[in-house]
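Secondary and tertiary structure notes
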Amino acid sequence: MSRLIRFFTKILDICKLVPMLPVVVIAAIPLALLGDWRPWGNAMAIPVLGNPGFGQWLVIALVLVIVIDTVRGMIDDLRHGQVGVDVLAVVAILSTVAVAEYWASWAVTLMITSGEAIEEYAQAKAERSLTALMEAAPQTAHVVNLPGVGRGFAADKGDSSDGFRRVGSASAAAAAHRFDTVPVEQVQLGDVLMVLPGETVPVDGELLSGTATLDLSNINGEPVPREVFAGARVMSGAVNGSTALTMRATQVAADSQYQRILELVASAQESRPAVVKTADRLAVPFTVLSLVIAGVAWAVSGVPTRFAQVLVLATPCPLLIAAPVAYIAGTGRLAAAGVLIKAQDVLENLGRVTQVFFDKTGTLTVKQPQVVRVEMLPGAATRLNEDHVLMMAGAVESYSVHILSKGIAKAGAEALARLRQRFEDGQRLCPEPEASWPGHGREYPVVKNINEDAGKGVSGEVNGHAVRVGRLSFAAAGEDGFLAVDRTVPSRSEDDLRTRFGLLQPDEMASYVSVDGQLIARIVLRDVPRANAKTALAKLHELGVTELAMLTGDKRASANIIASEVGIDEVHAELFPEDKVAAVRAATGAGKTVTMMVGDGVNDAPVLAVADIGVAMTDGTSTAASESAQVVIMNDNIAAVPRAIAIARRTKRVMLQAVLAGLVLAAIGMIAAAFNLIPVVVGAFLQEAIDVVSILWALTALIDRD
């Protein structure tokens, strides 16, 4: 029963899309039962038409309605710069009426109306991923009106004579319901908003709540909800978790992240790629050819019906519908893969890419340097091991803003987990007094007295130990900031200490760690390639991309190491932004080369604009790179680059197959009709079948076979 209900629901939806379709279907009943019924006798005989019956007049009326509507649409297309080629349908339907083939006329009207329904269905199917993004757009926002934070209290921010801020103007009723629900367009900068559990964040803002769990899948495809903390940026389009959060609006709705995504989607939907425009233009000679075949068949046979027989099979739908449907389907597949394009022309160019340039840091590598090893200072007397060093260094570095701090903090958290596991496994044998110090046996270390000396390092107390992390001179210095001198211990100078550790590789950097005034270790970090970078670049070669190049401002030695690890063919190192622009511009102007530039930073914006296709890799946040790029990867995944190219190529291949298959079938049908092998009524239904085959073939661009 439920299946039957769903079937009739779909039928009703189709009828809503094309209201004339049920009318045309019902018109078949009076045509069959009362087609030749003429209660008026011969009083209504008309030249050309003769004396149609009651059911036949109903078909003629339908034909007039559809012809008028079609002509109106053709005129509107011409006004918008598109070629109106529905003239074939108009001539075909009028010719069937002229030769008194009323069943053929009814079949053509059914063909036109059902064709519109099929087109609407195909468009909706192809745009499903894009439509889901549109429907998820936030519509309302809860603006907090509590005393001291609501809009109505802006005038009360001054201080009264007693030194306290005035909040007395707030009414009890306003405070009781806490917030006002308004359209998202009415949110103003600085408004304090409440987002209830399961609701979508309406605008970009700053988190005021202590913590929040956000689902960012609508923005960047991230499958696992992200936990954020007070002060973090909250992006519109994110879905709140199980607890309400408060935030302060830092952007109005029109400038927020989700609105930018919707603008990209809208521009892609409204654009028409060059191949679709070409298909439109090819429809004109196809129309002329169809009219010539029909005219010759009429002239040679001397039978006017032959003209109608040919034209009812002349369908330009493979050109007019299948081509754009395939491209919209490809755009939808890209969106589902986390890739947004700004115009459908980009989809066409993606499939022709022959050379790809990559930025290094943050594109081929992870965004921050990562810890690769911990080196203990030879000869240093300490009971601590590498995990203890990482745990303590990570604890203090988690409060730092230095470029290396995130990598050390991440490694410190992993080391803490290993230490905790060892503790749970029974390795609790720590000597006194350490066993009694704060933090021993706790889930997290006790951290106190954090102090960061900009450009030098960060210090603090971890579980009762004084920890210093940073430059060698900072870590090895005493409390007075000077390197201690101990004449009884050789190799105490900074150069000697560095020599005892050994040399770093060209792409490595180090932070030094001292505990309780004793230098004991250094933490070595480097730019680490993304885990899937080598696989992604190998896939590009498999797709026929002939050259992969790196553009970086980093030193050549460091660049060469990364290039060899991920499979880059050519390295351009120690470049300024203008040098990157010159390199891409030189390749772009070289013959048939189609260039792509992939980057993630603000300094990549100029070179992204110069390449044939600029690709910005982001995690969903808006940057100058994504503003100047034609393609935006929303999930910060380099594997999306070869996937986007593969989708683009398959889309174009499917489009060409659908168009050629439809045109070949139509041409065969017209020739057969010209030789009177296909009756006019059968031809009308056969033409509909050709349209359906062509459009369904175009929809196979939605199938993931890459």
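Residues numbered from 1 in each chain as written. Predicted model: local features only at pLDDT ≥ 70, side-chain atom pairs only at ≥ 80, totals over all residues. Heavy atoms only, no water.

With that settled, the discussion passes to helix α25 (residues 680–699). In this model, α25 (20 residues) spans 29 Å end to end at C-alpha, consistent with the 28 Å of a helix rising 1.5 Å per residue. Inspection of α25 places V680, G683, A684, Q687, E688, I690, D691, S694, I695, A698 and L699 among the buried residues, and these make up the whole buried set. (Helix = DSSP H or I, 4+ residues; strand = E, 2+ residues; numbered from the N terminus. Expected span 1.5 Å × (residues − 1). Buried < 20%, exposed > 50% of the residue type's maximum accessible area, 1.4 Å probe, protein only.)

The tally for this structure, following the rule as stated, stands at five aromatic pairs. Residues W106 and F685 carry aromatic rings whose centres are separated by 6.3 Å and whose planes lie at 55° to one another, so their mutual orientation is tilted. Separated by 579 residues along the polypeptide, W106 in helix α5 (residues 102–126) and F685 in helix α25 bring together distant segments of the chain. W106 gets classed as buried once you look at its relative accessible area, which sits at 10%. Each member of the aromatic cluster is reached from another via a ring pair, and the members are W103, W106 and F685. Across the ring face of F474, the terminal group of R468 is positioned such that the distance to the ring centre comes to 4.1 Å. (Phe/Tyr/Trp six-rings, centres within 6.5 Å; stacked < 30°, edge-to-face > 60°. Lys NZ or Arg CZ within 6 Å of the ring centre and 35° of its normal.)

A word on the sheet that holds strand β6 (residues 226–229). If you walk across this open sheet you meet the three strands as β6-β5-β8, and the pairing is antiparallel. Looking along the sheet, the strands with just one partner apiece sit at the ends: β6 and β8 (239–240). Pairing analysis gives four bridges linking strand β5 (residues 211–215) to β6, with the strands arranged antiparallel. Looking at β6, one finds that T211 is bridged to F229. (Pairing = 2+ DSSP bridges.)

With that out of the way, let us pick up the pairing of strand β15 (residues 465–470). Along any regular strand the residues' side chains alternate between the sheet's two faces. Within β15, five of the six residues are buried, leaving the element largely enclosed by the surrounding structure. One ladder, built from six bridges, connects strand β14 (residues 457–462) with β15; its direction is antiparallel. Bridge assignment links V458 to a residue of β15, and that residue is V469. Between the antiparallel neighbours β14 and β15 lie two residues, among them N463 with a positive phi of about 50°. By the bridge criterion, four bridges tie β15 to strand β16 (residues 508–515) in an arrangement that is antiparallel. Within the sheet, the bridge partner assigned to V467 lies in β16 and is V515.

With that settled, consider the environment of T365. Within the secondary structure, T365 sits in the loop between α14 (360–364) and β12 (370–376). What makes T365 buried here is its relative accessible area of 0%. A C-alpha to C-alpha distance of 9.8 Å links T365 and I638, two positions 273 residues apart in sequence. When residues no more than four places from it in sequence are discounted, the contact partners of T365 are K360, D527, V528, P529, R530 and I562. Here G362 takes part through its backbone nitrogen, which lies 3.2 Å from a polar atom of the side chain of T365. (Contact = heavy atoms within 4.5 Å. Polar contact = N/O pair within 3.5 Å; in protein donor to acceptor, adjacent residues only side chain to side chain.)

Attention shifts here to the nonpolar core. Of all hydrophobic cores here, the largest spans 104 residues; its most connected members are W106, L350, F358, I568 and M596. Element by element, the count of residues in this core is highest for helix α24 (residues 640–674), at 16 residues. Other than its neighbours up to four places away in sequence, M596 contacts L350, V353, Q355, V356, F357, A611, I613, V615, V641 and I645. With 25 residues, the next largest nonpolar core counts I408, L419, V462 and V513 among its residues. (Core = buried A, V, L, I, M, F, W, Y, C linked by side-chain atoms within 4.5 Å.)

The next thing to look at is unusual backbone geometry. Even without being glycine, A100 reaches a positive phi, approximately 65°. Within the element layout of this structure, A100 appears in the loop between α4 (87–98) and α5. For A100, a relative accessible area of 43% gives the class partly exposed. In this structure, D516 takes a positive phi of about 55° despite not being glycine. For D516, the position within the fold is in the loop between β16 and β17 (518–526). Given a relative accessible area of 45%, D516 falls into the partly exposed group.

Below, the discussion takes up the pattern of salt bridges. The tally for this structure, following the rule as stated, stands at 12 salt bridges. The salt bridge partner of D69 is R72, with a shortest N-O separation of 3.6 Å. On the criterion of helical spacing, the pair formed by D69 and R72 is a turn pair, its members being three residues apart in helix α3 (residues 54–79). What makes D69 partly exposed here is its relative accessible area of 42%. Classification of R72 as exposed rests on a relative accessible area of 52%. The closest approach of N and O atoms between R530 and D636, which form a salt bridge, is 3.0 Å. Separated by 106 residues along the polypeptide, R530 in the loop between β17 and α19 (533–542) and D636 in the loop between β22 (631–633) and α24 bring together distant segments of the chain. For the pair formed by R530 and D636, the shared burial category is buried. (Salt bridge = Lys/Arg side-chain N within 4 Å of Asp/Glu carboxyl O.)

Attention shifts here to the pairing of β17. Within β17, eight of the nine residues are buried, which leaves the element mostly enclosed by the surrounding structure. The pairing of β12 with β17 spans six bridges and is antiparallel. Paired with Q370 across the two strands is R526, which belongs to β17. Bridge analysis of β16 against β17 gives eight bridges, and the strand direction is antiparallel.

To continue, consider the packing of α19 against α24. Here α19 crosses α24 at 25°, and the two axes come no closer than 8 Å. If you check the angle between α19 and α24, you find them roughly parallel. In terms of crossing hand, the pair formed by α19 and α24 is left-handed. In this structure, α19 contributes A536, K539 and L540 to the contact, and α24 contributes V641, P642 and I645. (Axes fitted to C-alpha atoms, helices over the stretch in contact; angles between N-to-C directions. Parallel < 35°, antiparallel > 145°, perpendicular 65-115°, else oblique. Left-handed = near helix turned anticlockwise from the far one by under 90°.)

Let us now look at the environment of A646. In this structure, A646 sits in helix α24. The class of A646 is buried, set by a relative accessible area of 10%. Note: C-alpha distance between A646 and K539 (107 residues apart in sequence) is 9.6 Å.

This paragraph deals with the environment of P138. Its location among the elements puts P138 in the loop between α6 (128–135) and β1 (140–144). For P138 and V201, which are 63 residues apart along the polypeptide, the C-alpha to C-alpha distance reads 7.0 Å. Once residues lying within four places of it in the same chain are set aside, the contact partners of P138 are V184, T200, V201, P202 and Y258.

With mixed pairing, seven strands are arranged side by side in an open sheet as β10-β22-β21-β20-β11-β18-β19. Each of the sheet's edge strands pairs with one partner strand only, and the pair in question is β10 (339–341) and β19 (570–572). When strand polarity is set aside, the average angle formed by the axes of neighbouring strands in this sheet is 20°. Two elements, strand β18 (residues 547–551) and β19, share three bridges in a ladder whose sense is parallel. Bridge assignment links A549 to a residue of β19, and that residue is E570. With respect to the sheet, α24 is in contact with β10, β20 (595–599) and β22, its orientation differing from that of β20 by roughly 145°.

On to a nonpolar patch on the surface, then. Taken together, the side chains of I26, I29, L33, L34, W37, F54 and L58 present a nonpolar region at the surface, about 670 Å² in accessible area. Listed by contribution, the elements that provide at least two residues to the nonpolar patch are α2 (20–34) and α3. Relative to the helices and strands, I29 resides in helix α2. (Patch = residues over 30% accessible without salt bridge, like charges linked within 9 Å, V, L, I, M, F, W, Y side chains within 5 Å. Areas by Shrake-Rupley, 256 points an atom, 1.4 Å probe, with all protein chains shown as cover.)

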